[in-house]
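Spelled out from the first residue to the last, the chains are:
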Number of protein chains: 2
Amino acid sequence: MHMPLEDTLGRNLLAANQHRADHNREHFDAWKLLCLNVMSSPGAGKTSLLERTITALSPELAMAVLEGDMTTQLDADRLAAVGVPVVPITTGRACHLDAAMVSGGLTLLQQRLDPAALDLLWVENVGNLVCPAEFEVGEHLKVALLSVTEGDDKPLKYPVMFREADCVLITKIDLLPYVPVDVSRIEEHVRAVNPRAQVFRVSAGTGQGMGEWHRWLLATVREHAASQPPALVNA
Amino acid sequence: MHMPLEDTLGRNLLAANQHRADHNREHFDAWKLLCLNVMSSPGAGKTSLLERTITALSPELAMAVLEGDMTTQLDADRLAAVGVPVVPITTGRACHLDAAMVSGGLTLLQQRLDPAALDLLWVENVGNLVCPAEFEVGEHLKVALLSVTEGDDKPLKYPVMFREADCVLITKIDLLPYVPVDVSRIEEHVRAVNPRAQVFRVSAGTGQGMGEWHRWLLATVREHAASQPPALVNA
(Lines give C-alpha, C1' and ligand atoms only; values in the text may rest on other atoms or scores of the structure.)
Protein backbone atom coordinates (compact mmCIF):
# COMPACT_ATOMS: atom_id res chain seq x y z
CA MET A 1 0.00 0.00 0.00
CA HIS A 2 1.26 3.47 -0.81
CA MET A 3 0.20 6.98 -1.70
CA PRO A 4 1.36 9.53 -4.22
CA LEU A 5 4.52 11.27 -3.06
CA GLU A 6 4.29 14.54 -4.89
CA ASP A 7 3.75 16.67 -1.79
CA THR A 8 6.09 17.83 0.96
CA LEU A 9 5.53 14.70 3.01
CA GLY A 10 6.40 12.60 0.00
CA ARG A 11 9.55 14.60 -0.72
CA ASN A 12 10.64 14.26 2.91
CA LEU A 13 10.11 10.50 2.83
CA LEU A 14 12.10 10.16 -0.38
CA ALA A 15 14.88 12.31 1.10
CA ALA A 16 14.96 10.10 4.23
CA ASN A 17 15.17 7.02 2.01
CA GLN A 18 17.98 8.61 0.00
CA HIS A 19 19.91 9.32 3.20
CA ARG A 20 19.67 5.67 4.26
CA ALA A 21 20.54 4.52 0.73
CA ASP A 22 23.69 6.66 0.78
CA HIS A 23 24.58 5.13 4.12
CA ASN A 24 24.14 1.61 2.71
CA ARG A 25 26.38 2.57 -0.22
CA GLU A 26 29.11 3.78 2.17
CA HIS A 27 29.14 0.28 3.66
CA PHE A 28 29.29 -1.34 0.22
CA ASP A 29 32.20 0.91 -0.70
CA ALA A 30 34.02 0.14 2.53
CA TRP A 31 33.60 -3.56 1.70
CA LYS A 32 34.72 -2.99 -1.95
CA LEU A 33 31.50 -4.62 -2.97
CA LEU A 34 29.45 -3.85 -6.08
CA CYS A 35 25.71 -3.75 -5.39
CA LEU A 36 23.19 -4.27 -8.21
CA ASN A 37 19.48 -3.54 -7.86
CA VAL A 38 17.61 -5.91 -10.22
CA MET A 39 14.13 -4.79 -11.21
CA SER A 40 11.35 -5.76 -13.65
CA SER A 41 7.68 -6.65 -14.04
CA PRO A 42 6.60 -9.85 -12.30
CA GLY A 43 7.63 -12.81 -14.42
CA ALA A 44 10.22 -11.09 -16.63
CA GLY A 45 12.77 -13.62 -15.38
CA LYS A 46 14.82 -11.97 -12.61
CA THR A 47 15.21 -15.16 -10.58
CA SER A 48 15.92 -17.36 -13.61
CA LEU A 49 18.57 -14.88 -14.75
CA LEU A 50 20.20 -14.87 -11.31
CA GLU A 51 20.15 -18.69 -11.13
CA ARG A 52 22.04 -18.94 -14.41
CA THR A 53 24.36 -15.96 -13.90
CA ILE A 54 25.32 -16.89 -10.34
CA THR A 55 26.03 -20.47 -11.41
CA ALA A 56 28.20 -19.24 -14.30
CA LEU A 57 30.15 -16.66 -12.32
CA SER A 58 30.54 -18.35 -8.95
CA PRO A 59 33.97 -19.78 -9.86
CA GLU A 60 35.16 -16.20 -10.33
CA LEU A 61 33.14 -14.05 -7.95
CA ALA A 62 31.97 -14.29 -4.34
CA MET A 63 28.30 -13.28 -4.33
CA ALA A 64 25.25 -13.01 -2.07
CA VAL A 65 21.60 -12.09 -2.66
CA LEU A 66 19.08 -9.96 -0.81
CA GLU A 67 15.80 -11.34 -2.12
CA GLY A 68 12.75 -9.05 -1.99
CA ASP A 69 9.27 -10.53 -2.19
CA MET A 70 5.89 -9.42 -0.90
CA THR A 71 5.30 -12.86 0.51
CA THR A 72 6.70 -16.42 0.18
CA GLN A 73 10.35 -17.49 0.11
CA LEU A 74 9.96 -19.26 -3.24
CA ASP A 75 12.62 -17.18 -5.01
CA ALA A 76 14.99 -17.19 -2.03
CA ASP A 77 14.79 -21.00 -1.98
CA ARG A 78 15.51 -21.20 -5.73
CA LEU A 79 18.63 -19.07 -5.36
CA ALA A 80 19.85 -20.80 -2.19
CA ALA A 81 19.66 -24.01 -4.25
CA VAL A 82 22.39 -22.73 -6.59
CA GLY A 83 24.69 -22.42 -3.58
CA VAL A 84 24.74 -18.70 -2.84
CA PRO A 85 23.97 -17.03 0.52
CA VAL A 86 20.47 -15.55 0.32
CA VAL A 87 18.66 -13.30 2.79
CA PRO A 88 14.91 -13.10 2.10
CA ILE A 89 13.27 -9.72 2.68
CA THR A 90 9.49 -9.99 2.90
CA THR A 91 7.84 -6.65 2.14
CA GLY A 92 4.27 -7.57 3.11
CA ARG A 93 1.95 -5.19 1.29
CA ALA A 94 4.80 -2.89 0.17
CA CYS A 95 5.35 -2.78 -3.58
CA HIS A 96 9.11 -2.17 -3.56
CA LEU A 97 12.23 -2.53 -1.44
CA ASP A 98 13.45 0.60 0.30
CA ALA A 99 16.83 1.46 1.82
CA ALA A 100 15.71 0.58 5.37
CA MET A 101 14.62 -2.92 4.32
CA VAL A 102 17.95 -3.46 2.59
CA SER A 103 19.78 -2.18 5.65
CA GLY A 104 17.90 -4.76 7.73
CA GLY A 105 18.83 -7.46 5.21
CA LEU A 106 22.49 -6.44 5.45
CA THR A 107 22.42 -6.86 9.22
CA LEU A 108 21.13 -10.42 8.79
CA LEU A 109 23.73 -11.09 6.07
CA GLN A 110 26.53 -9.92 8.38
CA GLN A 111 25.48 -12.51 10.95
CA ARG A 112 26.33 -15.18 8.36
CA LEU A 113 29.41 -13.85 6.57
CA ASP A 114 31.87 -11.00 6.27
CA PRO A 115 30.58 -8.80 3.41
CA ALA A 116 34.15 -7.63 2.75
CA ALA A 117 34.77 -11.14 1.39
CA LEU A 118 32.12 -10.60 -1.29
CA ASP A 119 32.64 -9.13 -4.75
CA LEU A 120 29.03 -8.67 -5.75
CA LEU A 121 25.75 -8.23 -3.88
CA TRP A 122 22.53 -8.79 -5.81
CA VAL A 123 19.35 -7.10 -4.62
CA GLU A 124 16.37 -8.72 -6.34
CA ASN A 125 13.50 -6.26 -6.02
CA VAL A 126 9.75 -6.92 -5.88
CA GLY A 127 8.30 -7.56 -9.35
CA ASN A 128 7.02 -4.13 -10.33
CA LEU A 129 7.96 -1.94 -13.28
CA VAL A 130 6.87 1.28 -11.56
CA CYS A 131 7.58 1.71 -7.88
CA PRO A 132 11.05 0.22 -7.28
CA ALA A 133 12.56 2.75 -9.70
CA GLU A 134 11.77 5.56 -7.26
CA PHE A 135 13.45 4.12 -4.18
CA GLU A 136 17.23 3.78 -4.14
CA VAL A 137 18.55 1.11 -1.82
CA GLY A 138 22.22 2.10 -2.04
CA GLU A 139 22.96 0.21 -5.25
CA HIS A 140 25.78 1.21 -7.58
CA LEU A 141 23.89 0.15 -10.68
CA LYS A 142 20.28 -0.49 -11.59
CA VAL A 143 19.57 -3.47 -13.85
CA ALA A 144 16.13 -3.54 -15.50
CA LEU A 145 14.76 -6.63 -17.22
CA LEU A 146 12.11 -6.53 -19.94
CA SER A 147 10.76 -9.74 -21.40
CA VAL A 148 10.05 -9.84 -25.15
CA THR A 149 6.57 -11.17 -24.28
CA GLU A 150 5.72 -7.81 -22.67
CA GLY A 151 5.62 -6.04 -26.06
CA ASP A 152 7.80 -3.32 -27.53
CA ASP A 153 6.02 -0.30 -26.02
CA LYS A 154 6.97 -0.77 -22.36
CA PRO A 155 10.04 1.53 -22.27
CA LEU A 156 7.79 4.36 -23.52
CA LYS A 157 4.91 3.53 -21.16
CA TYR A 158 7.08 3.02 -18.03
CA PRO A 159 9.84 5.54 -18.71
CA VAL A 160 10.99 6.13 -15.11
CA MET A 161 12.35 2.58 -14.78
CA PHE A 162 14.10 2.58 -18.13
CA ARG A 163 15.45 6.11 -17.75
CA GLU A 164 17.06 5.16 -14.41
CA ALA A 165 18.52 1.83 -15.57
CA ASP A 166 22.27 1.49 -16.13
CA CYS A 167 21.77 -1.85 -17.82
CA VAL A 168 18.70 -3.24 -19.59
CA LEU A 169 18.38 -6.96 -20.25
CA ILE A 170 15.86 -7.89 -22.93
CA THR A 171 14.93 -11.38 -21.71
CA LYS A 172 13.28 -14.53 -23.11
CA ILE A 173 14.61 -13.91 -26.63
CA ASP A 174 14.10 -17.64 -27.30
CA LEU A 175 10.36 -16.78 -27.50
CA LEU A 176 10.85 -14.22 -30.32
CA PRO A 177 9.65 -16.62 -33.05
CA TYR A 178 6.33 -16.99 -31.23
CA VAL A 179 5.43 -13.43 -30.22
CA PRO A 180 4.33 -10.54 -32.45
CA VAL A 181 7.21 -8.27 -31.44
CA ASP A 182 10.34 -6.90 -33.10
CA VAL A 183 13.31 -6.97 -30.72
CA SER A 184 14.98 -4.06 -32.55
CA ARG A 185 11.97 -1.91 -31.74
CA ILE A 186 12.22 -2.83 -28.04
CA GLU A 187 15.86 -1.78 -28.09
CA GLU A 188 15.04 1.39 -30.05
CA HIS A 189 12.45 2.36 -27.43
CA VAL A 190 14.91 1.70 -24.58
CA ARG A 191 17.45 3.95 -26.31
CA ALA A 192 14.80 6.61 -26.93
CA VAL A 193 14.31 7.09 -23.17
CA ASN A 194 17.89 6.23 -22.17
CA PRO A 195 20.71 6.43 -24.72
CA ARG A 196 23.40 5.61 -22.12
CA ALA A 197 22.07 2.23 -20.89
CA GLN A 198 24.01 -0.94 -21.66
CA VAL A 199 21.57 -3.25 -23.46
CA PHE A 200 21.82 -7.04 -23.77
CA ARG A 201 19.49 -9.53 -25.44
CA VAL A 202 19.42 -12.76 -23.46
CA SER A 203 17.63 -16.02 -22.76
CA ALA A 204 18.29 -17.55 -19.36
CA GLY A 205 16.49 -20.65 -20.63
CA THR A 206 18.68 -21.39 -23.66
CA GLY A 207 21.75 -19.39 -22.61
CA GLN A 208 21.63 -17.20 -25.74
CA GLY A 209 23.42 -13.88 -25.19
CA MET A 210 24.33 -14.73 -21.59
CA GLY A 211 28.10 -14.82 -22.30
CA GLU A 212 28.19 -11.19 -23.36
CA TRP A 213 26.24 -10.11 -20.25
CA HIS A 214 28.55 -12.15 -18.01
CA ARG A 215 31.69 -10.65 -19.57
CA TRP A 216 30.32 -7.13 -19.08
CA LEU A 217 29.40 -7.95 -15.48
CA LEU A 218 32.84 -9.40 -14.65
CA ALA A 219 34.57 -6.36 -16.16
CA THR A 220 32.23 -4.02 -14.26
CA VAL A 221 32.84 -5.75 -10.91
CA ARG A 222 36.61 -5.61 -11.46
CA GLU A 223 36.63 -1.98 -12.56
CA HIS A 224 34.52 -1.07 -9.56
CA ALA A 225 36.83 -2.84 -7.11
CA ALA A 226 39.88 -1.23 -8.71
CA SER A 227 38.29 2.24 -8.49
CA GLN A 228 37.68 2.11 -4.73
CA PRO A 229 40.14 4.25 -2.74
CA PRO A 230 42.57 1.93 -0.87
CA ALA A 231 42.03 3.89 2.36
CA LEU A 232 38.49 2.52 2.53
CA VAL A 233 39.46 -1.15 2.28
CA ASN A 234 38.01 -3.01 5.28
CA ALA A 235 37.12 0.32 6.85
CA MET B 1 5.80 7.59 -6.26
CA HIS B 2 4.17 6.43 -3.09
CA MET B 3 4.81 5.41 0.50
CA PRO B 4 3.69 2.51 2.66
CA LEU B 5 0.17 3.06 3.95
CA GLU B 6 0.17 1.02 7.11
CA ASP B 7 -0.10 3.98 9.48
CA THR B 8 -3.02 6.24 10.42
CA LEU B 9 -2.33 8.59 7.53
CA GLY B 10 -2.39 5.65 5.16
CA ARG B 11 -5.64 4.32 6.56
CA ASN B 12 -7.22 7.77 6.26
CA LEU B 13 -6.12 8.06 2.63
CA LEU B 14 -7.52 4.64 1.80
CA ALA B 15 -10.78 5.53 3.57
CA ALA B 16 -11.03 8.76 1.55
CA ASN B 17 -10.41 6.79 -1.66
CA GLN B 18 -13.09 4.27 -0.66
CA HIS B 19 -15.58 7.09 -0.07
CA ARG B 20 -14.96 8.46 -3.57
CA ALA B 21 -15.08 4.94 -5.05
CA ASP B 22 -18.48 4.34 -3.44
CA HIS B 23 -19.66 7.64 -4.90
CA ASN B 24 -18.47 6.58 -8.39
CA ARG B 25 -20.34 3.29 -7.95
CA GLU B 26 -23.56 5.13 -7.07
CA HIS B 27 -23.31 6.89 -10.43
CA PHE B 28 -22.66 3.60 -12.24
CA ASP B 29 -25.69 2.09 -10.55
CA ALA B 30 -27.87 5.05 -11.41
CA TRP B 31 -26.76 4.60 -15.04
CA LYS B 32 -27.37 0.79 -14.86
CA LEU B 33 -23.84 0.40 -16.02
CA LEU B 34 -21.46 -2.43 -15.09
CA CYS B 35 -17.93 -1.20 -14.37
CA LEU B 36 -14.95 -3.57 -14.62
CA ASN B 37 -11.47 -2.72 -13.30
CA VAL B 38 -8.92 -4.58 -15.46
CA MET B 39 -5.52 -5.14 -13.85
CA SER B 40 -2.27 -7.05 -14.49
CA SER B 41 1.49 -6.81 -14.80
CA PRO B 42 2.75 -4.70 -17.70
CA GLY B 43 2.52 -6.71 -20.90
CA ALA B 44 0.08 -9.40 -19.74
CA GLY B 45 -2.22 -8.34 -22.56
CA LYS B 46 -4.90 -6.05 -21.11
CA THR B 47 -5.14 -3.84 -24.20
CA SER B 48 -5.03 -6.77 -26.65
CA LEU B 49 -7.80 -8.48 -24.70
CA LEU B 50 -9.93 -5.32 -24.76
CA GLU B 51 -9.33 -4.85 -28.50
CA ARG B 52 -10.64 -8.33 -29.23
CA THR B 53 -13.42 -8.41 -26.64
CA ILE B 54 -14.78 -4.97 -27.51
CA THR B 55 -14.76 -5.87 -31.22
CA ALA B 56 -16.60 -9.12 -30.51
CA LEU B 57 -19.21 -7.67 -28.16
CA SER B 58 -19.88 -4.26 -29.71
CA PRO B 59 -22.87 -5.57 -31.73
CA GLU B 60 -24.50 -6.50 -28.43
CA LEU B 61 -23.24 -4.02 -25.83
CA ALA B 62 -22.64 -0.27 -25.69
CA MET B 63 -19.20 0.21 -24.11
CA ALA B 64 -16.63 2.87 -23.23
CA VAL B 65 -13.12 2.76 -21.78
CA LEU B 66 -11.26 4.79 -19.17
CA GLU B 67 -7.65 4.09 -20.07
CA GLY B 68 -5.02 4.50 -17.34
CA ASP B 69 -1.36 4.93 -18.23
CA MET B 70 1.56 6.63 -16.52
CA THR B 71 2.41 8.38 -19.75
CA THR B 72 1.63 8.11 -23.50
CA GLN B 73 -1.77 7.59 -25.14
CA LEU B 74 -0.58 4.47 -27.00
CA ASP B 75 -3.20 2.17 -25.48
CA ALA B 76 -5.98 4.77 -25.71
CA ASP B 77 -5.21 5.14 -29.43
CA ARG B 78 -5.30 1.35 -29.94
CA LEU B 79 -8.72 1.10 -28.32
CA ALA B 80 -10.15 4.18 -30.05
CA ALA B 81 -9.16 2.42 -33.30
CA VAL B 82 -11.65 -0.39 -32.60
CA GLY B 83 -14.42 2.21 -32.50
CA VAL B 84 -15.15 2.65 -28.80
CA PRO B 85 -15.19 5.94 -26.85
CA VAL B 86 -11.95 6.14 -24.84
CA VAL B 87 -10.93 8.67 -22.20
CA PRO B 88 -7.19 8.53 -21.45
CA ILE B 89 -6.17 9.09 -17.80
CA THR B 90 -2.49 9.90 -17.45
CA THR B 91 -1.24 9.11 -13.95
CA GLY B 92 2.23 10.68 -14.23
CA ARG B 93 4.42 9.02 -11.61
CA ALA B 94 1.48 7.31 -9.87
CA CYS B 95 1.51 3.52 -10.05
CA HIS B 96 -2.24 2.94 -10.03
CA LEU B 97 -5.57 4.59 -10.78
CA ASP B 98 -7.50 5.89 -7.80
CA ALA B 99 -11.16 6.80 -7.41
CA ALA B 100 -10.52 10.53 -7.91
CA MET B 101 -8.76 9.95 -11.23
CA VAL B 102 -11.65 7.78 -12.41
CA SER B 103 -14.13 10.43 -11.25
CA GLY B 104 -12.22 12.97 -13.38
CA GLY B 105 -12.33 10.55 -16.33
CA LEU B 106 -16.10 10.17 -15.90
CA THR B 107 -16.58 13.94 -16.09
CA LEU B 108 -14.73 13.98 -19.42
CA LEU B 109 -16.71 10.98 -20.65
CA GLN B 110 -20.00 12.73 -19.80
CA GLN B 111 -19.00 15.64 -22.04
CA ARG B 112 -19.02 13.17 -24.96
CA LEU B 113 -21.93 10.85 -24.24
CA ASP B 114 -24.70 9.94 -21.83
CA PRO B 115 -23.33 7.16 -19.62
CA ALA B 116 -26.88 5.88 -19.07
CA ALA B 117 -26.74 4.73 -22.71
CA LEU B 118 -23.81 2.42 -21.90
CA ASP B 119 -23.99 -1.18 -20.73
CA LEU B 120 -20.36 -1.66 -19.76
CA LEU B 121 -17.54 0.65 -18.69
CA TRP B 122 -14.01 -0.74 -18.84
CA VAL B 123 -11.35 0.77 -16.61
CA GLU B 124 -7.91 -0.36 -17.81
CA ASN B 125 -5.53 0.18 -14.91
CA VAL B 126 -1.79 0.93 -14.96
CA GLY B 127 0.27 -2.24 -15.55
CA ASN B 128 1.17 -3.28 -12.01
CA LEU B 129 0.40 -6.49 -10.16
CA VAL B 130 0.72 -4.89 -6.71
CA CYS B 131 -0.64 -1.41 -6.21
CA PRO B 132 -3.90 -1.21 -8.21
CA ALA B 133 -5.36 -4.03 -6.08
CA GLU B 134 -5.38 -1.72 -3.04
CA PHE B 135 -7.32 1.19 -4.58
CA GLU B 136 -10.95 0.69 -5.53
CA VAL B 137 -12.22 2.99 -8.24
CA GLY B 138 -15.91 2.15 -7.86
CA GLU B 139 -15.86 -0.96 -10.03
CA HIS B 140 -18.39 -3.76 -9.60
CA LEU B 141 -15.89 -6.45 -10.52
CA LYS B 142 -12.12 -6.77 -10.61
CA VAL B 143 -10.63 -8.65 -13.57
CA ALA B 144 -7.00 -9.75 -13.18
CA LEU B 145 -4.91 -11.00 -16.11
CA LEU B 146 -1.91 -13.29 -15.73
CA SER B 147 0.11 -14.29 -18.76
CA VAL B 148 1.43 -17.87 -18.96
CA THR B 149 4.89 -16.39 -19.66
CA GLU B 150 4.95 -14.95 -16.11
CA GLY B 151 5.34 -18.40 -14.54
CA ASP B 152 3.03 -20.40 -12.30
CA ASP B 153 4.08 -18.89 -8.95
CA LYS B 154 2.64 -15.39 -9.37
CA PRO B 155 -0.72 -15.94 -7.59
CA LEU B 156 1.26 -17.05 -4.51
CA LYS B 157 3.81 -14.23 -4.75
CA TYR B 158 1.28 -11.44 -5.42
CA PRO B 159 -1.69 -12.72 -3.40
CA VAL B 160 -3.47 -9.39 -2.81
CA MET B 161 -4.33 -8.97 -6.51
CA PHE B 162 -5.50 -12.55 -6.97
CA ARG B 163 -7.41 -12.64 -3.68
CA GLU B 164 -9.37 -9.51 -4.70
CA ALA B 165 -10.12 -10.61 -8.26
CA ASP B 166 -13.63 -11.68 -9.24
CA CYS B 167 -12.38 -13.02 -12.55
CA VAL B 168 -8.89 -14.19 -13.52
CA LEU B 169 -7.91 -14.50 -17.17
CA ILE B 170 -4.90 -16.70 -17.83
CA THR B 171 -3.66 -15.09 -21.06
CA LYS B 172 -1.37 -15.95 -23.99
CA ILE B 173 -2.19 -19.67 -23.78
CA ASP B 174 -1.01 -19.95 -27.41
CA LEU B 175 2.53 -19.68 -25.97
CA LEU B 176 2.12 -22.73 -23.70
CA PRO B 177 4.08 -25.07 -26.01
CA TYR B 178 7.11 -22.75 -25.75
CA VAL B 179 7.28 -21.90 -22.04
CA PRO B 180 8.27 -24.17 -19.13
CA VAL B 181 4.97 -23.77 -17.31
CA ASP B 182 1.95 -25.98 -16.55
CA VAL B 183 -1.31 -24.07 -16.96
CA SER B 184 -3.07 -26.36 -14.46
CA ARG B 185 -0.59 -25.28 -11.80
CA ILE B 186 -1.28 -21.60 -12.55
CA GLU B 187 -4.99 -22.27 -12.10
CA GLU B 188 -4.36 -24.33 -8.96
CA HIS B 189 -2.38 -21.44 -7.45
CA VAL B 190 -5.13 -18.95 -8.33
CA ARG B 191 -7.68 -21.20 -6.63
CA ALA B 192 -5.39 -21.64 -3.60
CA VAL B 193 -5.57 -17.90 -2.85
CA ASN B 194 -9.09 -17.37 -4.21
CA PRO B 195 -11.47 -20.30 -4.62
CA ARG B 196 -14.40 -18.08 -5.70
CA ALA B 197 -12.78 -16.41 -8.74
CA GLN B 198 -14.09 -17.19 -12.22
CA VAL B 199 -11.07 -18.44 -14.20
CA PHE B 200 -10.70 -18.47 -17.99
CA ARG B 201 -7.79 -19.58 -20.18
CA VAL B 202 -7.56 -17.36 -23.24
CA SER B 203 -5.43 -16.15 -26.11
CA ALA B 204 -6.39 -12.76 -27.55
CA GLY B 205 -3.95 -13.51 -30.37
CA THR B 206 -5.51 -16.76 -31.64
CA GLY B 207 -8.96 -16.33 -30.07
CA GLN B 208 -8.69 -19.59 -28.07
CA GLY B 209 -11.00 -19.56 -25.06
CA MET B 210 -12.35 -16.10 -25.84
CA GLY B 211 -15.89 -17.34 -26.59
CA GLU B 212 -16.35 -18.69 -23.07
CA TRP B 213 -15.12 -15.41 -21.54
CA HIS B 214 -17.42 -13.39 -23.79
CA ARG B 215 -20.45 -15.52 -22.90
CA TRP B 216 -19.73 -15.11 -19.20
CA LEU B 217 -19.28 -11.36 -19.65
CA LEU B 218 -22.55 -10.93 -21.56
CA ALA B 219 -24.44 -12.92 -18.95
CA THR B 220 -22.81 -10.89 -16.16
CA VAL B 221 -23.69 -7.54 -17.78
CA ARG B 222 -27.31 -8.65 -18.27
CA GLU B 223 -27.69 -10.04 -14.76
CA HIS B 224 -26.25 -6.84 -13.36
CA ALA B 225 -28.64 -4.62 -15.35
CA ALA B 226 -31.60 -6.79 -14.32
CA SER B 227 -30.60 -6.61 -10.65
CA GLN B 228 -30.58 -2.80 -10.44
CA PRO B 229 -33.60 -1.35 -8.63
CA PRO B 230 -35.90 0.32 -11.20
CA ALA B 231 -36.18 3.44 -9.00
CA LEU B 232 -32.56 4.28 -9.79
CA VAL B 233 -32.90 4.19 -13.58
CA ASN B 234 -31.75 7.53 -14.99
CA ALA B 235 -31.58 8.89 -11.45
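Residues numbered from 1 in each chain as written. Chains lettered and ligands numbered in written order. Predicted model: local features only at pLDDT ≥ 70, side-chain atom pairs only at ≥ 80, totals over all residues. Heavy atoms only, no water.

A. Local environment of the interface of chain B and chain A. Facing the 43 residues of chain B at the interface are 43 residues of chain A. Of the roughly 3900 Å² buried between chain B and chain A on both sides combined, carbon and sulfur atoms contribute 65%. Inspection of the region where chain B meets chain A yields 6 salt bridges. As a salt-bridge pair, Glu134(A) and Arg93(B) come within 3.1 Å of each other at their nearest N and O atoms. Contributions of two or more residues to the side of chain B that touches chain A are made by α1 (8–30), α3 (74–80), α5 (154–157) and α6 (159–164) of chain B. For the side of chain B that touches chain A, a count of residues per class yields 23 nonpolar, 9 polar and 11 charged. (Contact = heavy atoms within 4.5 Å. Buried area = accessible area lost by both parts, 1.4 Å probe. Salt bridge = Lys/Arg side-chain N within 4 Å of Asp/Glu carboxyl O. Helix = DSSP H or I, 4+ residues; strand = E, 2+ residues; numbered from the N terminus. Nonpolar A, V, L, I, M, F, W, Y, C, P; charged D, E, K, R; others polar.)

B. Seen up close, the packing of helix α1 (residues 8–30) of chain A against helix α4 (residues 99–110) of chain A. All names here are of chain A. Relative orientation of the contacting elements α1 and α4 amounts to 30°, with a least axis distance of 8 Å. Looking at the two axes, α1 sits roughly parallel to α4. Regarding α1 and α4, the two cross each other, and that crossing is left-handed. Across the interface between the two elements, Asn17, Arg20, Ala21, Asn24 and Phe28 of α1 pack against Ala99, Ala100, Val102, Ser103 and Leu106 of α4. Per-class residue counts for the contact of α1 with α4 are 6 nonpolar, 3 polar and 1 charged. (Axes fitted to C-alpha atoms, helices over the stretch in contact; angles between N-to-C directions. Parallel < 35°, antiparallel > 145°, perpendicular 65-115°, else oblique. Left-handed = near helix turned anticlockwise from the far one by under 90°.)

C. Representation of the sheet that holds strand β1 (residues 34–39) of chain B within the structure. Residues and elements named next belong to chain B. Pairing is parallel in the open sheet, where 7 strands are placed in the order β3-β2-β4-β1-β5-β6-β7. What marks the edges here is a single partner per strand, and that holds for β3 (86–90) and β7 (198–201). In this sheet, neighbouring strand axes are inclined to one another by 20° on average, regardless of whether the strands run parallel or antiparallel. Direction of pairing for strand β6 (residues 167–171) relative to β7: parallel, over a ladder of 4 bridges. (Pairing = 2+ DSSP bridges.)

D. Quick peek at the confidence of the model for chain A. Averaged over all residues, the pLDDT of chain A is 94; the fraction at 70 or higher stands at 95%. The ipTM assigned to the predicted complex is 0.90, against a pTM of 0.93. (pLDDT = per-residue confidence, 0-100.)

E. Summary view of the nonpolar core. Ranked by size, the top nonpolar core spans 56 residues in total, and within it Val148(A), Phe162(A), Val148(B) and Phe162(B) carry the most contacts. At the level of secondary structure, the elements contributing two or more residues to this core comprise β5 (141–147), α6 (159–164), β6 (167–171) and α7 (183–193) of chain A together with β5 (141–147), α6, β6 and α7 (183–193) of chain B. (Core = buried A, V, L, I, M, F, W, Y, C linked by side-chain atoms within 4.5 Å. Buried < 20%, exposed > 50% of the residue type's maximum accessible area, 1.4 Å probe, protein only.)

F. Main features of the environment of Phe135(A). Mapped onto the elements, Phe135(A) comes out in the loop between β4 (120–124) and β5. For the pair formed by Phe135(A) and Leu146(A), sequence separation is 11 residues and the distance between their alpha carbons is 19 Å.

G. Molecular detail of the pairing of strand β2 (residues 63–69) of chain A. All names here are of chain A. In terms of burial, β2 is a largely internal element, 7 of the 7 residues being buried. Residues Met63, Val65, Glu67 and Asp69 point to one face of β2 and Ala64, Leu66 and Gly68 to the other, with burial holding for every one of them. As paired strands, β2 and β4 are joined by 5 bridges and run parallel to one another. Bridge pairing links Leu66 to Val123 in β4. Pairing of β2 with strand β3 (residues 86–90), which is carried by 5 bridges, proceeds in the parallel orientation. Paired with Val65 across the two strands is Val86, which belongs to β3. One crossover worth recording links β2 to the parallel β3 by way of helix α3 (residues 74–80), and it is right-handed. (Right-handed = clockwise from strand over helix to strand, strands pointing away.)

H. Representation of unusual backbone geometry within the structure. All names here are of chain A. A positive phi angle, close to 70°, is found at Thr72, a residue other than glycine. With respect to the helices and strands, Thr72 occurs in the loop between β2 and α3. Here Lys172, not a glycine, exhibits a phi torsion of approximately 60°, which is positive. Here Lys172 shows up in the loop between β6 and α7. Given the relative accessible area of 17%, Lys172 is considered buried.

I. Structural detail: the pairing of β5(A). All names here are of chain A. Most of β5 is tucked away, with 7 of its 7 residues classed as buried. Neither face of β5 is exposed, since Leu141, Val143, Leu145 and Ser147 on one face and Lys142, Ala144 and Leu146 on the opposite face are all buried. Of the strand pairs in this sheet, β5 and β6 are connected by 5 bridges, and their pairing is parallel. Its bridge partner lying in β6, Leu145 is registered against Leu169.

J. Highlighting the environment of Pro42(A). Following the sequence through the fold, Pro42(A) ends up in the loop between β1 (34–39) and α2 (46–57). Residue class for Pro42(A) comes out buried when judged on its relative accessible area of 3%. Separated by 88 residues in the primary sequence, Pro42(A) and Val130(A) have C-alpha atoms spaced 11 Å apart. Excluding residues that lie within four positions of it along the chain, Pro42(A) makes contacts with Gly127(A), Asn128(A), Ser41(B), Leu129(B), Glu150(B), Lys154(B) and Tyr158(B).

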